[in-house]
Amino acid sequence: LQLACLIELSGTGRLRSLVLIGDVDQSIYAFQGASPQGVYRLVADRGMRSVPLVENHRSSQLICDVAVHFCSRDRPDVAVGEHADFTAPPEIVFYDPALPTTATDQFLGRIAALGIDPMSTTVLARNNALVALLNNQAGRVGCASRP
């Protein structure tokens, strides 16, 4: 919807400037029709130039070196944040999908072994239903403070 609005505004010829910032490899709204191709088309139609953002401020270089294999880029980002030189290699945790909290338990055990404070960590999940399960809040109905 946002892209469609930008295309319409751009089509009026009255939009004097436009800046798009994002990572098309993280097209998390594909299920709603979002696509990188739409962004690329708008960029080409408006004659915009692309400025690649290649610094990663939150991951280690080891993570960046692995993550490049799961995106369209051919070179890994350069890790520049406080954890850039973290030496623990990336790991994949396999768990029974019927018991998602076992993934969280494995994660907590692993970070404890690495001496990392669990309060400084975050587990990301694909959807709100899984987040609710991981937080032991399945079946609860709630409303965000800023819906």
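Above: the structure in question.
Reading guide: rules and limits
Residues numbered from 1 in each chain as written. Predicted model: local features only at pLDDT ≥ 70, side-chain atom pairs only at ≥ 80, totals over all residues. Heavy atoms only, no water. Helix = DSSP H or I, 4+ residues; strand = E, 2+ residues; numbered from the N terminus. Rg over C-alpha atoms; globule rule 2.2 N^0.38 Å. Buried < 20%, exposed > 50% of the residue type's maximum accessible area, 1.4 Å probe, protein only. Areas by Shrake-Rupley, 256 points an atom, 1.4 Å probe, with all protein chains shown as cover. Lys, Arg positive; Asp, Glu negative; His and termini not counted. Charge placed at Lys NZ, Arg CZ, Asp CG, Glu CD. Axes fitted to C-alpha atoms, helices over the stretch in contact; angles between N-to-C directions. Parallel < 35°, antiparallel > 145°, perpendicular 65-115°, else oblique. Left-handed = near helix turned anticlockwise from the far one by under 90°. Contact = heavy atoms within 4.5 Å. Nonpolar A, V, L, I, M, F, W, Y, C, P; charged D, E, K, R; others polar. Salt bridge = Lys/Arg side-chain N within 4 Å of Asp/Glu carboxyl O.

Trainee: I keep staring at the overall build of the protein and nothing clicks. Help me out?
Mentor: Scanning the protein from terminus to terminus reveals five helices and two strands. Along the protein, helices and strands appear, N-terminal first, in the series α-α-β-α-β-α-α. Computed over the C-alpha atoms, the radius of gyration of the protein is 20 Å, more than 25% above the 15 Å expected from 2.2 N^0.38 for a compact globule of 147 residues. If one aligns the C-alpha atoms of the protein with their principal axes, the spans along those axes are about 55 × 40 × 25 Å. Each of the 147 residues in the protein was classed as buried or not, and the buried ones make up 14%. Accessible surface, the protein as shown: approximately 12300 Å² in total, 56% of it carbon and sulfur. Looking at charge distribution, the protein has the averaged site of its 12 positive side-chain charges lying 12 Å from that of its 14 negative ones.

Trainee: Would you mind showing me how to read the packing of helix α1 (residues 2-11) against helix α2 (residues 36-46) here?
Mentor: For any two helices packed against each other, one specifies the inter-axial angle together with the distance between the axes. Running from N to C, α1 and α2 cross one another at 15°; their axes reach a closest spacing of 11 Å. Viewed along their axes, α1 and α2 adopt a mutual orientation that is roughly parallel. By crossing handedness, the relation of α1 to α2 is classed as left-handed. Taken together, the residues of α2 that come into contact with α1 (itself represented by L3, L6, I7 and S10) are G38, V39, L42 and R46. Of the residues contributing to the contact of α1 with α2, the split by class is five nonpolar, two polar and one charged.

Trainee: For this particular structure, what's the right way to read the pattern of salt bridges?
Mentor: Oppositely charged side chains are able to pair whenever their charged atoms sit close together. Summed over the entire model, instances satisfying the criterion amount to three salt bridges. As a salt-bridge pair, R73 and D23 come within 3.6 Å of each other at their nearest N and O atoms. Placement of the pair is R73 in the loop between α3 (61-67) and β2 (78-79) and D23 in the loop between α1 and α2, with a sequence separation of 50 residues.

Trainee: Sorry if this is basic, but what is going on with the environment of G13 here?
Mentor: In this structure, G13 sits in the loop between α1 and α2. Owing to a relative accessible area of 63%, G13 belongs among the exposed residues under this scheme. For G13 and Y95, which are 82 residues apart along the polypeptide, the C-alpha to C-alpha distance reads 52 Å.

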